[in-house]
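Close look at the chain arrangement
If you want the building blocks of each chain, they are given just below.
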Amino acid sequence: MEPGGEPFEKSIIQPSMEKFVENIKQNHEKEKIVSSTTLVSNGCVDIRGKIADKRTTGGWKASPFIIVNEVAERLAFFAIAVNMVAYLVFEMHQSLPSAATHVTDWIGAAYVLTLFGAFLADAYLGRFLTIIIFSCIYAVGMVSLTLSATIDSLRPPTCTVRPCIKATDNQSAFLFGALAFIALGTGGIKPCVSSFGADQFDEADEKEAHKKYSFFNWFFFAINMGALLGITLLVYVQDKKGWGWGFGVPTVVMVCSVFILAAGTPYYRYQKPMGSPFTRFLQVIVASVRNHFKGAQVGRDAVLYEVNTHESDIAGASKLARTKQYRFLDKAAVVMDPEANTKNRWRLCTITQVEELKSFIRILPVWASTIALSISFAQLSTFFISQANIMDRKLGPNFTIPAGSVPVFSAINALILVPIYEKYMVPILRKRTGHRRGITSLQRMGIGLFISIFALASAALVEKKRRDHPNPSSMSVFWLLPQMFLIGSAEVFTYVGQLEFFYDEASDGTRSISSAMFLSEIGIGSWLSTAIVKIIERATGGEQTGWLRNDFNKSRLDYFYWVLAAINAANFLDYLWVAWRYKGKNGLGGSAVRVGAMVGDDDHRQVTKKEDDDKGEFQSVVL
């Protein structure tokens, strides 16, 4: 070795070092490729605020925590709903029609408040935080209700002589305050849980997209599992141990569910709040009217505004392609002055913002044409239970079925039908129709609406037979099984179809609001049920001589059921017309159409259609 030379020749070490560096670069590139394929494409983030990784978040790793929370919430809600008429009659000394209307009003408020909860979730809090906060509010209401049932001063004295002493204003106020907290909690939880669960699956991933629809079915299964436990186990506890235990046990379950939901925090995918959708809707309306009076024209050569970025101007939302419906609203995106400020959304909106409002408008006719079914559902927790209360409920020599547990027939039917439909019916229908889900969401809802007609007709026939029976109280409660079975079947088809339809047809920024729309149907249906009861009471002679009396053996409840059956039949025909004319976001009866970008080169103008073209006109199944 020459003096001053390197201990190792450069010719020996250089190739190995270059190879080492090259290997590092290759491994880094491989990691970037793997990372890009495992990150979600729907903008969801993990608990640290980074784009969520499919390997460690979401999917069925996160869904069980969400489903358990839903089981607990439904258990508590149904334990109250099926018992509340009896509690108001026997403990608060209200008349049966008044108690029934108070319960339907309460259920109505709970579901209409979902619009408020959805607004907060989409605009400010995000779905997860909304669920946590309103679960705590729900728990406060449950604790207050339990106190009402256990503290004697919060109820009127036991009735020993007729007429019974009515509850004081303070006693009623405390009880209704507790129910108000529960209704508010329900309003915050319900619109977010199903959407939050669906957020755990990336629609752009074919495998995860398929799992999302399975999640909707199992989510509905969880709802009925909670209902089953609420109307069997907890009703039995109430019947044997008293009202304090009947309301106290679901209170404990609800509190525990909050901690279980929080335990899944590391595994969730979170969708960031995107601002108020109602503000964006109003901006489109104002801008379109303003531009209309300025002479804006919407034609083939019209220049419509869209931001020149990959994502839309709505934070976290994908871009939407322009559709041909409601073309007047397109005027909100017409560029009237190229030099004007393009940031003022009260004067100029993006195509995506306009299409977001269009997608919301499109679902309104479908939403309106399925409300009547909720009127039938309202009878499950009111008159169906009141019928059962005066029938023979013996099951063997030593056991009597609690009246509040009779809706278990409906819940069991759903628990049986959902797995059968998912495992057997879907593959068979898929082979016949070629549709990924067997039948479209609209077809599924239509089947449920059709079944509901026979559910109420069955209820009317059974009630007439009971009333004409020589000894009505000796007639077995199992005569109610057909109407319970049919109403449960109608719910399976319609409810899951609505879950799929309203989630898929919503834009990224209106998912919670869209879910709340179909949930609000249940509330509006309950209020309509109350209105129909009051109208029929007044039109037929009141509580003493009308169709609906305190004494069911002298009532004409069968007439009431025939009225509801007729309403369902008329509603079904209306739904067929609406579903036949419905067009989805792609203008052809399909699902959302999203684009990578609406401006720039041709590659950025490519439209990405969802494979799952789930929302067509009401096709071959109905025909």
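Residues numbered from 1 in each chain as written. Predicted model: local features only at pLDDT ≥ 70, side-chain atom pairs only at ≥ 80, totals over all residues. Heavy atoms only, no water.

1. Focus: the overall build of the chain
Looking only at helices and strands, the chain has 19 helices and three strands in total. Residues classed as buried in the chain amount to 55% of the 623 residues present. Looking at the chain alone, contacts between residues at least 24 apart form 81% of all its contacts between residues at least 6 apart. As presented, the chain carries roughly 27400 Å² of accessible surface, and 63% of it is formed by carbon and sulfur atoms. (Helix = DSSP H or I, 4+ residues; strand = E, 2+ residues; numbered from the N terminus. Buried < 20%, exposed > 50% of the residue type's maximum accessible area, 1.4 Å probe, protein only. Contact = heavy atoms within 4.5 Å. Areas by Shrake-Rupley, 256 points an atom, 1.4 Å probe, with all protein chains shown as cover.)

2. As for the packing of helix H7 (residues 206-231) against helix H8 (residues 233-241)
Between H7 and H8, the shortest axis-to-axis distance is 2 Å and the interhelical angle comes to 15°. By the angle between their directions, the pair H7 and H8 is classed as roughly parallel. Contact with H7, carried on its side by Leu228, Leu229, Gly230 and Ile231, involves Leu233, Leu234 and Val235 of H8 and no other residues of that element. Looking at side-chain class alone, the contact of H7 with H8 contains six nonpolar, one polar and no charged residues. (Axes fitted to C-alpha atoms, helices over the stretch in contact; angles between N-to-C directions. Parallel < 35°, antiparallel > 145°, perpendicular 65-115°, else oblique. Nonpolar A, V, L, I, M, F, W, Y, C, P; charged D, E, K, R; others polar.)

3. Details of H8
One full turn of an α-helix is made of 3.6 residues, so residues set three or four places apart face in the same direction. Of all the positions in H8, only Leu234, Val235, Val237 and Gln238 are classed as buried. Seen from one end, H8 has its buried residues packed into an arc of 160°, which puts them on one side. Set apart from the buried face of H8 by more than 90 degrees, the exposed residues are Leu233 and Lys240. Looking at the buried side of H8, the elements it contacts are helix H2 (59-90), H7 and helix H9 (243-263). One or two residues past the end of H8 sits Gly242, with phi positive at roughly 105°. (Arc of directions from axis to C-beta.)

4. A look at unusual backbone geometry
Within the chain, His93 stands out as a residue other than glycine whose phi angle is a positive 60°. Relative to the assigned elements, His93 resides in the loop between H2 and helix H3 (96-112). Using a relative accessible area of 7% as the deciding quantity, one classes His93 as buried. At Tyr326, a residue that is not glycine, the phi angle is positive and equals roughly 50°. Relative to the helices and strands, Tyr326 resides in the loop between strand E1 (319-320) and helix H11 (351-368).

5. What to know about the nonpolar core
Residues Ile80, Met84, Trp106, Leu145, Phe560 and Tyr561 are the most contacted members of the largest nonpolar core, which totals 146 residues. Counting residues per element, this core draws most heavily on H2, at 13 residues. Dropping the residues within four chain positions of it, Phe560 is found in contact with Gln379, Phe383, Ile532, Val533, Ile536, Trp547 and Leu548. (Core = buried A, V, L, I, M, F, W, Y, C linked by side-chain atoms within 4.5 Å.)

6. Describing the side chain of Ser529
Within the element layout of this structure, Ser529 appears in helix H17 (residues 511-540). With residues up to four places along the chain from it excluded, the contact list for Ser529 reads Thr104, Ile375, Ala378 and Gln379.

7. Overview of the environment of Leu417
Here Leu417 is to be found in helix H14 (residues 408-433). Note on Leu417: relative accessible area 16%, which makes it buried. Setting aside residues no more than four positions away along its own chain, Leu417 makes contact with Ser489, Val492 and Phe493.

8. Details of the environment of Gln297
Here Gln297 shows up in the loop between helix H10 (277-293) and E1. Considered as a pair, Gln297 and Lys331 are 34 residues apart in the sequence and their alpha carbons are 6.9 Å apart. If near-sequence neighbours (up to four positions away) are discounted, Gln297 is found in contact with Ala302 and Val334.

9. Points about the confidence of the model for the chain
Any segment with low pLDDT has predicted coordinates that should not be analysed in fine detail. When the pLDDT values of the chain are averaged, the result is 79; 86% of them are 70 or greater. The element-level mean pLDDT for the chain is lowest in strand E2 (residues 593-595), coming to 36, with helix H5 (residues 127-150) highest at 92. Scored below 50 in pLDDT, residues 4-12 makes three contacts in the model with residues more than four places away or belonging to other chains. Residue range residues 30-36 is modelled with pLDDT below 50. Its contacts to residues more than four positions away, or to other chains, number one contact. (pLDDT = per-residue confidence, 0-100.)

10. Let's talk about the packing of aromatic side chains
Per the stated rule, a full pass over the model turns up 30 aromatic pairs. Relative to Tyr270, the ring of Tyr268 has its centre 6.1 Å away and its plane inclined at 85°; by these criteria the two rings are edge-to-face. Tyr270 shares its class with Tyr268; the two are buried. Consider the rings of Trp547 and Tyr559, whose centres lie 5.1 Å apart with planes at 70°: the pair is edge-to-face. Taken as a pair, Trp547 in the loop between helix H18 (542-545) and helix H19 (557-581) and Tyr559 in helix H19 lie far apart in primary sequence, 12 residues in all. Residue Trp547 is classed as partly exposed on the basis of its relative accessible area of 26%. The ring of Phe77 has Arg74 sitting right over it, with the charged end atom 4.5 Å from the ring centre. (Phe/Tyr/Trp six-rings, centres within 6.5 Å; stacked < 30°, edge-to-face > 60°. Lys NZ or Arg CZ within 6 Å of the ring centre and 35° of its normal.)

11. Remarks on a nonpolar patch on the surface
A contiguous nonpolar surface patch, about 580 Å² in accessible area, is contributed by Leu282, Ile285, Val289, Phe293, Phe328 and Trp346. In this fold, Phe293 is placed in helix H10. (Patch = residues over 30% accessible without salt bridge, like charges linked within 9 Å, V, L, I, M, F, W, Y side chains within 5 Å. Salt bridge = Lys/Arg side-chain N within 4 Å of Asp/Glu carboxyl O.)

12. Remarks on the packing of helix H6 (residues 169-198) against H17
Orientation of H6 relative to H17, taken along the N-to-C sense of each, is 120°, at an axis distance of 8 Å. Looking at the two axes, H6 sits oblique to H17. Considering how the two elements wind past one another, H6 and H17 form a crossing that is right-handed. On H17, the residues touching Lys190, Pro191, Cys192, Ser194 and Ser195 of H6 are Arg511, Ser512, Ser515, Ala516 and Leu519. (Left-handed = near helix turned anticlockwise from the far one by under 90°.)

13. Notes on the pattern of salt bridges
Counted under the stated rule, the structure contains 23 salt bridges. Across the salt bridge formed by Arg127 and Asp199, the nearest N and O atoms sit 2.3 Å from each other. Of this pair, Arg127 sits in helix H5 while Asp199 sits in the loop between H6 and H7, and the two are 72 residues apart along the sequence. With a relative accessible area of 5%, Arg127 lands in the buried category. You can call Asp199 buried: its relative accessible area is 2%. Residues participating in the shared-partner salt-bridge network are Arg322, Asp330, Glu355, Lys358 and Arg362.

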